[in-house]
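What follows is each chain in one-letter form.
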Amino acid sequence: MEKYRPLRIIISGGGTGGHIFPAVSIAGKLRMLNPDSEILFVGAEGKMEMEKVPAAGFRIVGLPVVGLQRRLTPANIINDLKAPFKVLSSIRKAGKLIREFKPDIAVGVGGYASAPLLWAAQRRGVPTLIQEQNGFAGLTNKILGRKAGLICVAYEGMERFFPAGRIVMTGNPIRPDIVPATPEMRAEGLGFYGMEPGRKHILIVGGSLGSGTLNKAMMHWISAGCPGGEDVEVLWQCGKYYKSGVDAFMENAAKTCPAVAGGRIHWSDFIGRMDLAYAMADIVISRSGASTVSELCAARKAAIFVPSPNVAEDHQTHNAMALVRKDAALLVKDADAPETLMHEAVALAHDGERIAILENNIAALAKADAAMTIADYVYKLVDGKI
């Protein structure tokens with residue numbers, strides 16, 4: 001039997017880039033193993049996967065499923081009242097997709113969008129594989145994991161959530177261009193972002209939507225005159241949602257802050273070339289979503305994590321602490337960040353010995369080519385070799 005024969009594969013999940021980009025990476029490796037495989041994505045209507053997945057060259061079908069909202073607002077109450085009906089509709093539509101597409105396997109990457117599809121697949125005897133990115137499993141994956149053939153994880157101790165005999169340590173799939181920076185890559189990154197080579201360089205990444213907390217920390221530091229940052233240059237991704245407010249703040253700050261007036265603070269709503277942004281940075285400040293953590297391991301970067309408190313099961317804190325416990329990263333609490341984050345970041349940027357320790361320790365946690373490892377497990381599960 002041909003090792004990598006054509007398969008019919010459904011990949012389901014999404015809602016955030018942390019779910020979508022790993023899914024696309026896995027699909028890319030499956031297509032590489034056999035270009036004749038049929039790959040269908042299933043996501044949630046109106047979410048970013050409906051745009052990002054076709055842009056990556058894959059077909060996607062949307063389900064009307066929605067997640068429950070915890071904040072009590074009129075819009076959220078209406079959403080939550082409609083949610084059960086949308087779940088039932090999604091289950092029916094998922095069942096129809098399974099019957100018509102006839103997949104050899106269904107792969108779930110987490111998020112509520114994966115629940116109806118994988119549940120329908122499991123009811124019909126289709127093998128299922130789950131990829132859990134975080135160090136604290138989400139509710140959807142915990143439920144689906146009871147009947148999944150395999151659960152691919154990136155953190156130790158996941159036996160708390162899944163049957164131990166079906167867990168495999170694969171790491172999280174990341175973009176293939178995220179690698180440890182060579183001197184040439186660093187020089188290219190500095191040039192691409194207009195940075196001066198002789199300075200200390202801090203990268204602040206707020207995620208695809210930006211981070212209000214990280215933005216407040218930067219504005220607090222700038223308002224104080226950027227203390228300790230006379231030789232520091234910052235690339236600051238503030239997010240589309242916050243961009244207009246940051247623009248207005250920076251316009252006023254240029255009148256009073258030498259760092260802003262001197263062009264040492266670079267800000268934008270989005271960073272397109274993350275490979276070059278990582279390459280030019282001495283340290284990185286970031287939330288601790290699973291994909292970002294995995295990218296920083298692969299890029300071998302000293303990092304300060306500010307876990308978001310607004311995520312299910314506080315999984316970003318679990319993600320960050322898995323590195324902090326191994327002296328592979330630093331952590332600043334969200335509540336403390338506006339006052340203390342940049343002080344700690346500037347101090348770290350000037351401590352070459354500490355940076356080297358963090359870089360060595362975080363590099364040891366990187367998992368090489370997780371997407372290919374998961375793609376290989378897809379075939380093993382279909383062929384009954386597990």
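As a reminder, the structure under discussion sits directly above these lines.
Residues numbered from 1 in each chain as written. Predicted model: local features only at pLDDT ≥ 70, side-chain atom pairs only at ≥ 80, totals over all residues. Heavy atoms only, no water.

Asks: Would you mind going over the nonpolar core with me for this structure?
Replies: Within soluble globular proteins, side chains that are nonpolar tend to cluster in buried spots. L203 and L323 are the most contacted members of the largest nonpolar core, which has 56 residues in total. Residues within four places of L323 in sequence aside, it is in contact with Y155, V293, C297, F305, A328, A329, I362 and L365. Grouped together as the second largest cluster of nonpolar side chains are 36 residues, V234, W236, C238 and A349 included. (Core = buried A, V, L, I, M, F, W, Y, C linked by side-chain atoms within 4.5 Å. Buried < 20%, exposed > 50% of the residue type's maximum accessible area, 1.4 Å probe, protein only. Contact = heavy atoms within 4.5 Å.)

Asks: Looking at this structure, I do not really get helix α12 (residues 315-324). What am I missing?
Replies: Residues spaced three or four apart along an α-helix point in a common direction, a consequence of the helix completing one turn every 3.6 residues. Looking at α12, one finds that the buried residues are H315, Q316, N319, A320, A322 and L323. On an axial view of α12, the arc spanned by its buried residues comes to 150 degrees, and they lie on one face. Looking at the buried residues of α12, the elements they touch are α11 (290-299), β12 (302-305), β13 (330-331) and α14 (352-363). (Helix = DSSP H or I, 4+ residues; strand = E, 2+ residues; numbered from the N terminus. Arc of directions from axis to C-beta.)

Asks: Can you help me understand a positive patch on the surface in this one?
Replies: Among the surface-exposed residues, K96, R99, R123, R124 and K147 lie close enough to one another that they form a single positively charged patch. Relative to the helices and strands, K96 resides in helix α3 (residues 74-101). The class for K96 is partly exposed, based on a relative accessible area of 44%. (Patch = residues over 30% accessible without salt bridge, like charges linked within 9 Å, V, L, I, M, F, W, Y side chains within 5 Å. Areas by Shrake-Rupley, 256 points an atom, 1.4 Å probe, with all protein chains shown as cover. Salt bridge = Lys/Arg side-chain N within 4 Å of Asp/Glu carboxyl O. Lys, Arg positive; Asp, Glu negative; His and termini not counted. Charge placed at Lys NZ, Arg CZ, Asp CG, Glu CD.)

Asks: Explain the pairing of strand β5 (residues 128-132) here, please?
Replies: Walk down a regular strand and you will see the side chains alternate between the two sheet faces. For β5, the buried fraction is high: five of the five residues fall into the buried class. The side-chain alternation of β5 yields two buried faces, one formed by T128, I130 and E132 and the other by L129 and Q131. Sheet topology note: the strand β4 (residues 105-108)/β5 ladder contains three bridges and is parallel. Of the residues in β5, the one forming a bridge with V107 is L129. Taken together, β4, helix α4 (residues 114-123) and β5 constitute a β-α-β crossover, and its handedness is right-handed. In this sheet, strand β6 (residues 150-153) lies alongside β5 in parallel orientation, the contact comprising four bridges. Considered in β6, the bridge of L129 is made with L150. (Pairing = 2+ DSSP bridges. Right-handed = clockwise from strand over helix to strand, strands pointing away.)

Asks: Please clarify how the packing of aromatic side chains should be interpreted in this entry.
Replies: Scanning the entire structure with this criterion turns up six aromatic pairs. Measuring from centroid to centroid gives 4.9 Å for Y4 and Y379, while their planes differ by 85 degrees, and the two rings are edge-to-face. Note that Y4 is positioned in the segment before β1 (8-12) and Y379 in helix α15 (residues 370-382), a separation of 375 residues in sequence. Residue classification places Y379 among the buried positions, given a relative accessible area of 2%. The interplanar angle of 90 degrees and the centroid separation of 4.9 Å between the aromatic rings of Y241 and Y242 together place this pair among those described as edge-to-face. (Phe/Tyr/Trp six-rings, centres within 6.5 Å; stacked < 30°, edge-to-face > 60°.)

Asks: Help me out: how do you make sense of the packing of helix α7 (residues 212-223) against helix α13 (residues 337-349) in this one?
Replies: Each pair of packed helices gets described by two things: the angle between the helix axes and the distance between those axes. With their axes 8 Å apart at the nearest point, α7 and α13 run at an angle of 70 degrees to one another. As far as their axial angle goes, α13 and α7 are roughly perpendicular. Facing α7, whose interface residues are T213, L214, K216, A217, M218, H220 and W221, α13 presents A337, P338, E339, L341, M342 and V346. Looking at side-chain class alone, the contact of α7 with α13 contains nine nonpolar, two polar and two charged residues. (Axes fitted to C-alpha atoms, helices over the stretch in contact; angles between N-to-C directions. Parallel < 35°, antiparallel > 145°, perpendicular 65-115°, else oblique. Nonpolar A, V, L, I, M, F, W, Y, C, P; charged D, E, K, R; others polar.)

Asks: What is the right way to read the pattern of salt bridges from this model?
Replies: Any two side chains of opposite charge can pair, given that their charged atoms come close. Counted by the stated rule, this structure contains 13 salt bridges. Note that K326 and E156 form a salt bridge whose closest N and O atoms lie 3.5 Å from each other. With a gap of 170 residues between them, K326 in the loop between α12 and β13 and E156 in the loop between β6 and β7 (167-169) connect regions that are remote in the sequence. Its relative accessible area of 41% is what places K326 among the partly exposed residues. Judged by relative accessible area, which is 60%, E156 ranks as exposed. Between D282 and R186 there is a salt bridge; the shortest N-O distance is 3.4 Å.

Asks: Before we go on, may I ask you to explain the packing of α7 against helix α8 (residues 243-253) in this structure?
Replies: Contact geometry of α7 with α8 gives a least axis separation of 11 Å together with a crossing angle of 10 degrees. In terms of axis orientation, α7 runs roughly parallel to α8. Where α7 approaches α8, its residues N215, M219, I222 and S223 are matched on the opposing element by V246, F249, M250 and A253. For the contact of α7 with α8, the residue count by class is six nonpolar, two polar and no charged.

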